[in-house]
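Spelled out from the first residue to the last, the chains are:
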Amino acid sequence: MNVLKKAAQMKQIDRTAMDGKYKIAPAVLMENAGRAVADRGGLFVGGWSNKKVLILCGRGNNGGDGFAAARHIAAAGGSVTVYAFAADGYSPESGAHLQTLCRLHEDRTCDFRLYRDGSEEKRFLRELEAAHVVIDALTGTGFSGKLREPFAGVVAAVNGRSGHGGRTVIAVDMPTGVNSDTGAVEGTAVRADLTVTFGAYKCGQFLYPGKAYTGHAELDAIGLPVRLLQKTEEGDVRLLDKEYIAAHVPPRRADSHKGTHGTVGVVTGCSDMAGAALMTAHGSVRGGAGKVFLCVPAGTAPYCIGRQPEIMVHAVGPAETASFTAENAAEIIEASKNWSVIVMGPGMGKGPGLTEFIYTVAAGTKCPLVIDADGLNALCGHMDFFHTYGSRTIITPHLAEFSRLGGLSVADIRSDLISAAKNFVALYGVNLILKGAPTLVVSAETGKICLNPTGNAGMAAGGMGDILSGLAAAMICHDGMDNLCTAACAAVYVHGAAGDYCSRRIGPYGYTPVEVADAVPQIWAQLEKTGFRAAVENRNLL
């Protein structure tokens, strides 16, 4: 997995690479960065030949990267105009690249201009209107806060003209105006189609709203030592990928059977929300669980029996039972003796005895628990539950549910999503799937934080979370699964990938949660091919 880095971490990596053990000349890294922008940007736009390219360079090293990129793009056939937004104050390496650029200007192989307090504005706007590609090298990863003039006006002009006439915007390392640690945007920021980032992906490129400004992110190591880039620190955020999931979800053994793949007990539903219970169970079926039992209040059972023959429906309580109470817990505890995992919450309602029911079931069982939706609402104000049972529990709240549980406003959570998730798990000791864009997974055992890149806006529909809860349960009892965090990571990655599959084949939205669940086997097929290729590459077949 790639590890997402913060600005301070990248600064330390650069310092160690240049001034520490490795003694890499700063100008070399800047040269490599410029070439990376030219090479990867050229592939993105279909080559530089006969393209008018406008490059905007600030005073910092990000601007120096832009100076270096200009030379490579000009050499590749681009018609390059560079605007510098400072006359002096450059680092030695940025200054050296600037001097080279000035010589190229004298040779008329590129055009160099200094943006002076708006006096160049009319010319700049004409150049912007004529450009096929705009390259943003104004601020980079160290930026925080709100853009001031002239950057604010320049960025607004770029955004106002991007996308018109085929114009493409490429950001160098980080779009100007986006906080690289949190993804926050105060005021305005460059809306890039491509961001070429250096060394490691940045947290703000995967957290909204920053992700929306980043566009497609391309990573280039620019010659930084691998050991530095692979070094992890406590609190690092890992980016899930198919190689990690394929390596940690073992393929089925040829001699396995239904008992090998676990039994999921879905204990949920109420009289008017049978659909949520059925979708949760369906998520477990499509996730590969060996057996799936759906235990619902007796009043709900007639709506569930026979709807899907793979699901074994059990009516709980007397015929008139509409929702679970503590009186029903003994029946569930007895049935669960042969279960691998219990799911509670989706469509469970708001019955007065629900909180006590969940406590009693947890106290009387030992298997892992997955709790979502109404189950989480029932536990609001009862956070001692997680101190007692959190280590064997995965919770799957969306932001509003997470806000009610933890007492933070949704706005505060969004402002620093990673810290909010990490602090909650540290306080309550529960495994967390924080659903949203993006979804985060945090381990109760290790504190490891994983960010899921799969999924799309078409999944913003009722019932998607129910499928995820059932899928998470199936992952927990998957043969060879080693811990709850890995199961949670596999569930969110596969769930999102199945949504992406539906988006490609059905349309950007309007597909159903059941269709997402039905796409899961296609994702398993792709992941098993990935795992096989990895085994061949690592020569681990024998």
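This text follows the structure it describes.
What counts and what doesn't
Residues numbered from 1 in each chain as written. Predicted model: local features only at pLDDT ≥ 70, side-chain atom pairs only at ≥ 80, totals over all residues. Heavy atoms only, no water. Buried < 20%, exposed > 50% of the residue type's maximum accessible area, 1.4 Å probe, protein only. Helix = DSSP H or I, 4+ residues; strand = E, 2+ residues; numbered from the N terminus. Contact = heavy atoms within 4.5 Å. Arc of directions from axis to C-beta. Salt bridge = Lys/Arg side-chain N within 4 Å of Asp/Glu carboxyl O. Polar contact = N/O pair within 3.5 Å; in protein donor to acceptor, adjacent residues only side chain to side chain. Pairing = 2+ DSSP bridges. Axes fitted to C-alpha atoms, helices over the stretch in contact; angles between N-to-C directions.

A. Examining helix H6 (residues 151-161) more closely. By the burial criterion, the buried members of H6 are Phe151, Ala152, Val154, Val155, Ala157, Val158 and Asn159. Among the structural elements, strand E2 (52-57), helix H5 (121-130), strand E5 (133-137) and strand E6 (168-172) are those in contact with the buried residues of H6.

B. Molecular detail of helix H13 (residues 354-364). Where H13 is concerned, the buried positions are Leu354, Thr355, Phe357, Ile358, Val361 and Ala362. Seen from one end, H13 has its buried residues packed into an arc of 165 degrees, which puts them on one side. In H13, the exposed residues that point more than 90 degrees away from the buried face are Glu356 and Ala363. Buried residues along H13 sit in contact with strand E10 (263-267), helix H12 (329-335), strand E13 (341-344), strand E14 (369-371), helix H14 (373-379) and helix H15 (384-389).

C. Quick look at the pattern of salt bridges. Enumeration according to the criterion identifies 15 salt bridges in this entry. Across the pair arginine 253 and aspartate 255 runs a salt bridge, and its minimum N-O distance is 3.1 Å. The class for aspartate 255 is exposed, based on a relative accessible area of 59%. Several salt bridges converge on common partners, so that one network encompasses Arg40, Glu218 and Asp220.

D. Spatial organisation of the side chain of asparagine 179. Checked against the element boundaries, asparagine 179 lands in the loop between E6 and strand E7 (194-198). Accessibility expressed as a relative area gives 17% for asparagine 179, which makes it buried. Here the side chain of asparagine 179 touches threonine 182 through a polar contact of 3.1 Å, landing on its backbone nitrogen. Apart from the residues lying within four places of it in its own chain, the contact partners of asparagine 179 are Phe143, Ser144, Met174, Ala184 and Gly204.

E. Highlighting the environment of threonine 300. Tracing the backbone shows threonine 300 in the loop between strand E11 (291-297) and helix H11 (301-304). Taking C-alpha positions, threonine 300 is 8.5 Å from serine 323, a pair spaced 23 residues apart along the chain.

F. Main features of unusual backbone geometry. For the bond running from glutamate 149 to proline 150, omega is 5 degrees, close enough to zero to count as cis. Here proline 150 shows up in the loop between E5 and H6. In this structure, the amide linkage connecting alanine 437 to the following residue, proline 438, adopts the cis form with an omega of 5 degrees. Along the chain, proline 438 turns up in the loop between strand E16 (431-434) and strand E17 (439-442). For lysine 23, which is not glycine, the phi dihedral falls at a positive 55 degrees. Note that lysine 23 resides in the loop between helix H1 (7-19) and helix H2 (26-45). According to the relative accessible area criterion, lysine 23 is exposed, its value standing at 58%. Although it is not a glycine, isoleucine 222 adopts a positive phi angle of roughly 50 degrees. Counting through the fold element by element, isoleucine 222 comes out in the loop between strand E8 (216-220) and helix H8 (226-230).

G. Just the sheet that holds E7, in detail. With respect to topology, 7 strands assemble into an open sheet ordered E4-E3-E2-E5-E6-E7-E8, the strand pairing being parallel. Each having just a single partner strand, strand E4 (111-114) and E8 make up the two edges of the open sheet. The mean inter-strand angle of the sheet, taken between neighbouring strand axes irrespective of direction, is 20 degrees. Looking at chain direction, E2 and E5 are connected through 5 bridges and run parallel. Directly across from leucine 56, in E5, lies its bridge partner aspartate 136. Docked against the sheet, helix H4 (residues 92-106) engages strand E3 (79-84) and E4, running at close to 120 degrees with respect to E4.

H. Representation of the sheet that holds E10. Taken in spatial order, the 11 strands line up as E1-E9-E18-E17-E16-E15-E14-E13-E10-E11-E12 in an open sheet, and their pairing is mixed. Two strands bound the open sheet, and with one partner strand each, they are strand E1 (2-4) and strand E12 (311-316). Averaged over all pairs of adjacent strands, the angle between strand axes in this sheet comes to 20 degrees, irrespective of strand direction. Pairing of E13 with E14 involves 3 bridges; the strand directions are parallel. Looking across to E14, one finds that methionine 344 is bridged to isoleucine 371. The strands touched by helix H18 (residues 417-428) are strand E9 (237-239), strand E15 (393-395), E16, E17 and strand E18 (449-452); relative to E17, the strand with the most contacts, the crossing angle is about 30 degrees. Against the sheet, helix H20 (residues 484-505) contacts E15, E16, E17 and E18, and its axis sits at roughly 170 degrees relative to E17.

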